[in-house]
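# Coordinate inspection notes
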Amino acid sequence: MANASDPGGSNPSLQNYAITASAVKLATLGLITGVSLLGNSALSVLVLKDSSLHKAPYYFLLDLCVADIIRSAVCFPVVMLSISGGSVWSYSNLSCKIVAFMAVLFCFHIAFLLFCVSVTRYMAIAHHRFYSKRMTLWTCVAVICMVWTLSVAMAFPPVFDVGTYKFIREEEQCIFEHRYVKANDTLGFMLMLAVIVATTHVVYVKMLCFVYDHRKMKPAQLVPAISQNWTFHGPGATGQAAANWIAGFGRGPTPPTLVGIRQASHNANRRLLVLDEFKMEKRIGKMYYMITLAFLLFWAPYIVSCYIRVFVKGTPLPQLYLTAAVWLTFAQAGANPIICFIFNKELRMRFRACLPCCLTTQTPMEPYCVI
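Residues numbered from 1 in each chain as written. Predicted model: local features only at pLDDT ≥ 70, side-chain atom pairs only at ≥ 80, totals over all residues. Heavy atoms only, no water.

## A look at the packing of helix H2 (residues 56-84) against helix H3 (residues 93-126)
- Direction vectors running N to C along H2 and H3 enclose 165°, while the axes themselves pass 10 Å from each other. In terms of axis orientation, H2 runs roughly antiparallel to H3. The element H2 and its partner H3 pack so that their crossing is left-handed. Of the residues in H3, those touching H2 at Pro-57, Phe-60, Asp-63, Leu-64, Ala-67, Ile-70, Arg-71, Val-74, Cys-75 and Val-78 are Val-99, Met-102, Ala-103, Phe-106, His-109, Ile-110, Leu-113, Val-117, Thr-120 and Arg-121.
- When its residues are assigned to classes, the contact of H2 with H3 shows 15 nonpolar, two polar and three charged. (Axes fitted to C-alpha atoms, helices over the stretch in contact; angles between N-to-C directions. Helix = DSSP H or I, 4+ residues; strand = E, 2+ residues; numbered from the N terminus. Parallel < 35°, antiparallel > 145°, perpendicular 65-115°, else oblique. Left-handed = near helix turned anticlockwise from the far one by under 90°. Contact = heavy atoms within 4.5 Å. Nonpolar A, V, L, I, M, F, W, Y, C, P; charged D, E, K, R; others polar.)

## Details of the pairing of strand E1 (residues 165-168)
- One ladder, built from four bridges, connects E1 with strand E2 (residues 173-176); its direction is antiparallel. Within the sheet, the bridge partner assigned to Ile-168 lies in E2 and is Gln-173.
- Hairpin geometry of E1 and E2 is characterised by an intervening segment of four residues between the two adjacent antiparallel strands and by a positive phi of about 60° at Glu-172. (Pairing = 2+ DSSP bridges.)

## Description of the state of the cysteines
- All chains considered together, the criterion is met by one disulfide.
- Of all cysteine sulfurs, the one in Cys-306 lies closest to Cys-107, which takes part in no disulfide; the gap is 9.3 Å.
- Residue classification places Cys-107 among the buried residues on the basis of a relative accessible area of 7%.
- Unpaired in terms of disulfides, Cys-340 finds its nearest cysteine sulfur in Cys-65, a separation of 6.1 Å.
- According to the relative accessible area criterion, Cys-340 is buried, its value standing at 0%. (Disulfide = S-S within 2.5 Å. Buried < 20%, exposed > 50% of the residue type's maximum accessible area, 1.4 Å probe, protein only.)

## A short note on the side chain of Gln-332
- Following the sequence through the fold, Gln-332 ends up in helix H9 (residues 319-343).
- If we ignore the near neighbours within four places in the chain, the residues touching Gln-332 are Arg-71, Ile-110, Phe-295, Phe-298 and Trp-299.

## A few points about the UniProt feature "transmembrane region" (unreviewed entry) in the chain
- The feature "transmembrane region" (unreviewed entry), as given by UniProt, occupies residues 26-48, 60-83, 98-124, 136-156, 189-212, 288-312 and 324-343 in the numbering adopted here.
- Along residues 136-156, the helical share is 90% and the strand share 0%, with 30 Å between the first and last C-alpha atoms. (UniProt positions renumbered as here; feature names shortened; annotations may be inferred.)

## Focus: the packing of aromatic side chains
- The full count for this structure, using the stated rule, is 11 aromatic pairs.
- Taken together, a centroid distance of 6.1 Å and an interplanar angle of 80° make the contact between Trp-299 and Tyr-302 edge-to-face. One end of the pair is Trp-299 and the other is Tyr-302, both in helix H8 (residues 270-311) and three residues apart, which spans about a single turn.
- An aromatic cluster is present here, built from Phe-76, Trp-327 and Phe-330 joined pairwise through their rings. (Phe/Tyr/Trp six-rings, centres within 6.5 Å; stacked < 30°, edge-to-face > 60°.)

Structure representation (structure tokens):
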């Protein structure tokens, strides 16, 4: 297959096509880099600045944004340099391995992180009390450190030629060399990535089933108890009325049978706040699922091309398809902040509150916002 990017070609039309294709690639990748740096930086500053966002899901979001910023600032300019140099790698082999290591590292990082986030989202919905007590700042730090450790473990072996990092001219980047399955040692890495993404979606499906099942729960049929001076008896006498009063939900004077027992002090709107917090957790889960779905959609064409090169021998992929698949993986870094602002009302409100033009119309925020 002729190399359309060869400036020494004798066909002027091929030269013009190569120049136009390179210009389009540089323009689109430059736009992706700018959007990624601007969006992820704005989101990171917002999470760091606003104390109301110092919660577990936003700590994970901050880690995701920082990883995308580093990827956009380090890996994307290297690809642009290779395009400008005629789709060749003019630097050392070690530098190519370092760039490939970082590209694979960030790919596995987002996969592992989204899996851990899906587990925490399920815990926030199905085991909310346990989640509220255990998901502290240090728990989030431990999870993030574990994610980075696993990502390094997956991306580091090819540096020592367990799997091969090379400059792939068709992709114009340093990445895995995907060879035929009989001579391939990168298949395990691709299978691991597919398993992680699939397991993440399974967790979200389980969370969706949990929410759906609890929405269909029928209210309990209670038999009213008979009261004589708060001494309840009869079929419905479970002691719940007295327990409610002790918990702080009673009204009026102290019942005669509960004299000497101290009533707990509760905010009258406590149950409404808990309900709003539960709704917030569900909507944050929706935001993270959209990020996970976007990761799958952006990376699916490239993963399919990798499996084709591994399992189908001697079948070259169309260059247009391969280029589009690679550029979609780049676009994923810039799509995350856009998804966050679209599907998270709280982030939009906080961001507008930080803008100078919106300071005059800023409205007070509730402790828990239904987003």
